[in-house]
Structure formats: structure tokens, C-alpha cells
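Below, each chain spelled out in residue letters.
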Amino acid sequence: MGHNQKIKWLMCIASVITFIYLLYCTYETGKTFHHWIKYNEAIASPPIVYELHVTPNSSPEHAVPLGPYTSLAAVKGTKTLLISAYLEHRTDEKQVRVIAVVLRRENVAYRCLFRCQEKQLLSNGSASIHRDHFGFAYGTADIMCPLPSGCETPSSIAVTSAAANTTDDPNQEFLEVKNQQEKTESFPYDFTVCISTMFDFTNVLQLVQSFEMLQLLGVNRVVVYKTSCSPETQRILDYYTHKGLVEVIPWSLSRYVNVSRSWLPEHGPGELHYFGQIPALNDCLYRYMYQSRYVALHDIDELILPQTVTSWVELLPLLEKKYGANKCYRFENDVFPINFMSPPPASQSLPPQADWKNVPGVNILAHLYKEPIFSETYSNFKIIVNPRAVFSTSVHGALNAQDGWSWIDRSIARMYHTRSPIQKSLTKDKLIYDGRLLSYSAHFIPAVNKVLRETGFLPSTH
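Here we summarise the structure given alongside this text. These numbers come from a predicted model, not from an experiment.

Across the sheet, which stays open at both edges, the three strands sit in the order β15-β23-β17 with mixed pairing between neighbours. Single-partner strands in this sheet number two, and they are β15 (302–306) and β17 (333–337). On average, each strand axis in the sheet is tilted by 30° relative to the strand beside it, whichever way the strands run. Seen against the sheet, helix α3 (residues 204–217) touches β15 and β23 (413–419) and runs at an angle of roughly 30° to β15.

Looking now at the pattern of salt bridges. Taken as a whole, this structure holds 18 salt bridges when the rule is applied. Note that lysine 382 and glutamate 302 form a salt bridge whose closest N and O atoms lie 2.8 Å from each other. Of the two residues, lysine 382 is situated in strand β19 (residues 382–385) and glutamate 302 in strand β15; the sequence distance between them amounts to 80 residues. The burial state of lysine 382 is the same as that of glutamate 302; both residues are buried. Overlapping salt bridges bring together Glu332, Asp334, Lys370, Arg410, Arg414 and Asp434 as one network.

Take α3 next. Along its 14 residues, α3 runs 20 Å from first to last C-alpha, staying within 8% of the 20 Å computed at 1.5 Å per residue. Most of α3 is tucked away, with 12 of its 14 residues classed as buried. Taken as a whole, α3 has its buried residues at Val204, Leu205, Gln206, Leu207, Val208, Gln209, Ser210, Phe211, Glu212, Met213, Leu214 and Leu217. One or two residues past the end of α3 sits glycine 218, with phi positive at roughly 110°.

Take the nonpolar core next. Residues Phe211 and Trp312 are the most contacted members of the largest nonpolar core, which totals 58 residues. Among the elements that take part in this core, α3 stands out by supplying eight residues, more than any other. Once residues within four sequence positions are removed from consideration, phenylalanine 211 is found in contact with Val222, Val224, Ile236, Leu237, Tyr240, Leu245, Val246 and Ile300. Ile99, Phe275, Ile278 and Val390 belong to the second-largest nonpolar core, a separate cluster that totals 39 residues.

Turning next to the state of the cysteines. Scanning the entire structure with this criterion turns up three disulfides. One disulfide in the model links cysteine 112 with cysteine 145; its S-S distance is 2.0 Å. Residues cysteine 112 and cysteine 145 are joined by a disulfide whose S-S torsion is about -65°; by sign, that bridge is left-handed. Residue cysteine 112 is located in strand β6 (residues 110–116), and its partner cysteine 145 is located in strand β8 (residues 138–146); the two are separated by 33 residues in the primary sequence. The disulfide that involves cysteine 116 links it to cysteine 151, with 1.6 Å between the sulfurs. Classification of the bridge connecting cysteine 116 and cysteine 151 rests on its S-S torsion, roughly -55°, and on that basis the disulfide is left-handed. In this pair, cysteine 116 is assigned in strand β6 and cysteine 151 in the loop between β8 and β9 (156–161), connecting sequence segments 35 residues apart.

Attention now goes to the packing of aromatic side chains. Within this structure, the stated rule accounts for 14 aromatic pairs. Between phenylalanine 191 and tyrosine 294, the ring centres sit 5.2 Å apart and the planes meet at 15°, which makes this aromatic pair stacked. Placement of the pair is phenylalanine 191 in strand β11 (residues 189–198) and tyrosine 294 in strand β14 (residues 292–297), with a sequence separation of 103 residues. Taken individually, phenylalanine 191 and tyrosine 294 each receive the classification buried, so the pair is uniform in this respect. Aromatic pair phenylalanine 336 and tyrosine 416: ring centres 5.1 Å apart, planes at 15°, arrangement stacked. Residue phenylalanine 336 is found in strand β17, and its partner tyrosine 416 is found in strand β23; the two are separated by 80 residues along the sequence. With a relative accessible area of 2%, phenylalanine 336 lands in the buried category. Taken together, the ring pairs connect Phe191, Tyr294 and Trp312 into an aromatic cluster. Of note, arginine 90 hangs over the ring of phenylalanine 391, and the distance from its end group to the ring centre comes to 4.1 Å. Directly above the aromatic system of tryptophan 407 lies the positively charged group of arginine 330, at a separation of 5.6 Å from the ring centroid.

The rules we used
Numbers given for residues are sequential positions, taken from 1 along each chain in its written order. Only residues with pLDDT of at least 70 get local features here, since the model is predicted, and only at 80 or more are side-chain atom pairs given and counted; chain-wide, interface and lining totals rely on the full set of residues. Calculated side-chain values reflect all of the structure's heavy atoms, with hydrogen atoms and water omitted. In this analysis, strands are considered paired if DSSP registers two or more bridges between them. Helix and strand assignments come from DSSP, with helices taken as H or I runs of at least 4 residues and strands as E runs of at least 2, each series counted from the N terminus. What counts as an axis is a line fitted to C-alpha atoms, over the stretch in contact for a helix, and the angles between N-to-C directions run from 0 to 180 degrees. By definition in these notes, contact holds between two residues if any of their heavy atoms fall within 4.5 Å. We define a salt bridge as a contact between a side-chain nitrogen of Lys or Arg and a carboxyl oxygen of Asp or Glu at a distance within 4 Å. Burial status follows relative accessibility: with a 1.4 Å probe on protein chains alone, a residue under 20% of its type maximum counts as buried, one over 50% as exposed, and anything between as partly exposed. A helix is expected to span 1.5 Å for every residue after the first. In this description, a nonpolar core means a group of buried Ala, Val, Leu, Ile, Met, Phe, Trp, Tyr and Cys residues linked to one another through side-chain atoms lying within 4.5 Å. Here, a disulfide means two cysteine sulfur atoms that sit within 2.5 Å of each other. Only the six-membered ring of Trp is used, alongside the rings of Phe and Tyr, when aromatic pairs are assigned; centres must lie within 6.5 Å, and planes under 30 degrees apart are stacked while those over 60 apart are edge-to-face, with the rest tilted. Criterion for a charge above a ring: Lys NZ or Arg CZ within 6 Å of the ring centre, and within 35 degrees of the ring normal.

Next comes the structure, spelled out in C-alpha cells:
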């Protein structure tokens, strides 16, 4: 068989496989061929990103599709990794804040190279390492770059080592400078949740349940910093990305630094805490600083539930009135261990649910008993903030905030953390029933079922 004939046979086989796949999807979900063709086009085709490319012989107004700016950049001659760059509007001197990962024992004199219209200008940068690094060799840092005279709106920035003298390198990598416009109102989103970092993730059911609960609470954006996940998880992420709820940020720093799979060096080898969770959270804070009225920083297995009202839309005005606006609101952590499954008390009953047992993951409605309060209830809190009032954050709380923080009375709101047990020696009789989740079930269960059907995890009702 000739080479051209082989190619024709392969193309025919691929067409047959595609036809069978569409037929299967149509049968399982009740969707039309047209639906699945459009769905796969939407999730498979990334948008073209245009970069303004200026040379002495080109017009500044001419945009060519050269691809995006680099997303990560190593500083030559150092161990520094640049994550992202944001124009800082809140300091007395206008600057660009470059979020970076640095080797803490290394001292570097930084130079900042700005692209401003058709000019390239320099200033000296200074680094500040965040105090939360959990004992790892690398930590998160802010490299602050003052704007040079004549450069009010830089389009991009590179950071170099003064010792390496690479400012004339024609292959120098530049980061886009984001947050060009400061805003104080009329944000695209009311509530954004930052999820970091997703790695080796397979918990499909709890992922869908969390996304649906967050929407019931008033969240209209969820940002997932993803390192790795199962194909089934990716199917769910694609679905919610297509719906406009989720933004997935590809997140892998392992090419540059040996990341740990744990939160302490003694629990997991590596040089940087937990897949780079802290720089991811800081990037999310700045990425949505002028896109979202509030930002919540918590994990996918955590839900901050109001106790006296039903949504964050109602909760935040109450918090601002009681504790003051622009505070970092801290919510106590209640752990609902997944190794225990007990029905509600006789006075309560679980609402009818679809057959979720074949969907991989944890069913949060099966775990309504929590551990008693103890010391880690307070240390493992999570937060909701006005991002414009925060300069830096860590896993549990803001490191630098304009107006400080406030503990939220647990009778007003608290966090529901459905996970493996913290207090491992507890027996079932020591757990405490909390059925707050059930008050959302009338809307929550149908919403979860709809998603599971539309993504093929449950058979269609049609």
C-alpha cells in the first residue's frame, strides 16, 4: 500500500471514530449532533491573542498575531522566576509589581526594563520576600519597579540582573503589564473564588457540587490554577469554562524549580511550597483586583456558608456594617470528615437525589457531621476580601492589608470543609450534626443533576 493510500485509510478511520463518538454523546445525553460539534469547537479552540509589535519601521497601531507575552520568565544569571506583572496604583510612587519566585538565600540587584510606546527605559528594582514560605528554600516575592520618567503606561516589562547585564539581549522575555486602569466601581464580577493549586485531581462529584453551591451563594467567577487532573475532571472544567463561570490558569513551575507536593519540607521533598500555591494566590488576587468586587481565597473542598442569610450577596453588607468595610474577613474552619457517613437525625431527612454513586468523588451531602472545635479550627481559616485593600496574601489570610482583618462570628458565617479527618482519633459519637447544607438542597440537587447529565456522567432524562 502506497504512502498516500495509508493517509487516506487513516483519515477514513478517524472520521468513523468521530462519527461513533458523536453518536454515543447524542444517545447518552439527548443532545443533537450540532450541539456536540459546537461544544467541542468551543472548548478546543483557544482565542488568538494579539500583541502590539513595534519596530522602527512599523506603525504602533498595527497589531500582528504574534501570540501572547510570555507567561513565566527566568531571570538570567539568577534563580529568580517571574510570574506576572501588574501596574500598582495604590503606592505614592507609581510602580509595576512583578510577582516572582526567588531563592531566599540569593541576593540579586534587579534592573527593570520597560517597553513604553516605541521606547525602552530602565529603572532599578527592589525585591521583598513574603514572610510565609513554610521553610522552603524558595519563596514568593514582589519585585517593585518604579516607572521611569516619560513612561506612565508601560505595555510590558522585563526584569534582569544588574550583574548579568542582559538588558540588550534580543531574546529578552517580557511580561505583559496588567491592571492598566484603576477601578473603584462597576466590576464585571461581584464575587471571584481563587482555587489553587489543582494537582492529580479526580474528585468530580465534589467539584460539580462546589461549583453549583458557589453559584447559589452568588459567585460568578471561579479561577482554577491547574497543574494536573483526570480526564473526567477536565471534562467538568471544560464545561464550566464554556459556560463562562471558570477560568483555568495552566500552572506548572516544575521546569524552573523543584516544587513540593506538601506544605512543609519534612512532609514532601522540594524547594517550593505546595506546587507554588502562594504565588498562584497572589497572582489571582492581582489578576482580579479590578475585575471583581470581592475575592475569596479557598480550596475546592471548602464552602463559606452564611448562617442567617442565604448568599454572599446578602452576607457582605452585613459584615461591612458590623466589622467595617475593606477588612480581611476570616472564617472559622469546620471539618466534616469523609470517613464517616451517617444519616441526619430523625427530625431531618435527606432530600431525593439522583444516583451519584457511579460519579467519581465525594458527595458532600453524605457528610453532615463535623469535628468539635479545636486549635486548628482557627489556624486553618480562609478569607473573603476587597482585593484593592490587600497588597499580599498567603494560604490562610492576607499578609499585608490596608485595614487589617476581622474574625467573623461563627453564628453569622463559617467554613464547611469536607475532607479527610484532622482529629484522626475521634469516634463517630464525638461528631456534631450540622445540616446547614440541606437548606440549599431544593436548588442544589437539580443543578448538580443537570450538569452531570449534560457532561455524560448521568443518563439523560429525555
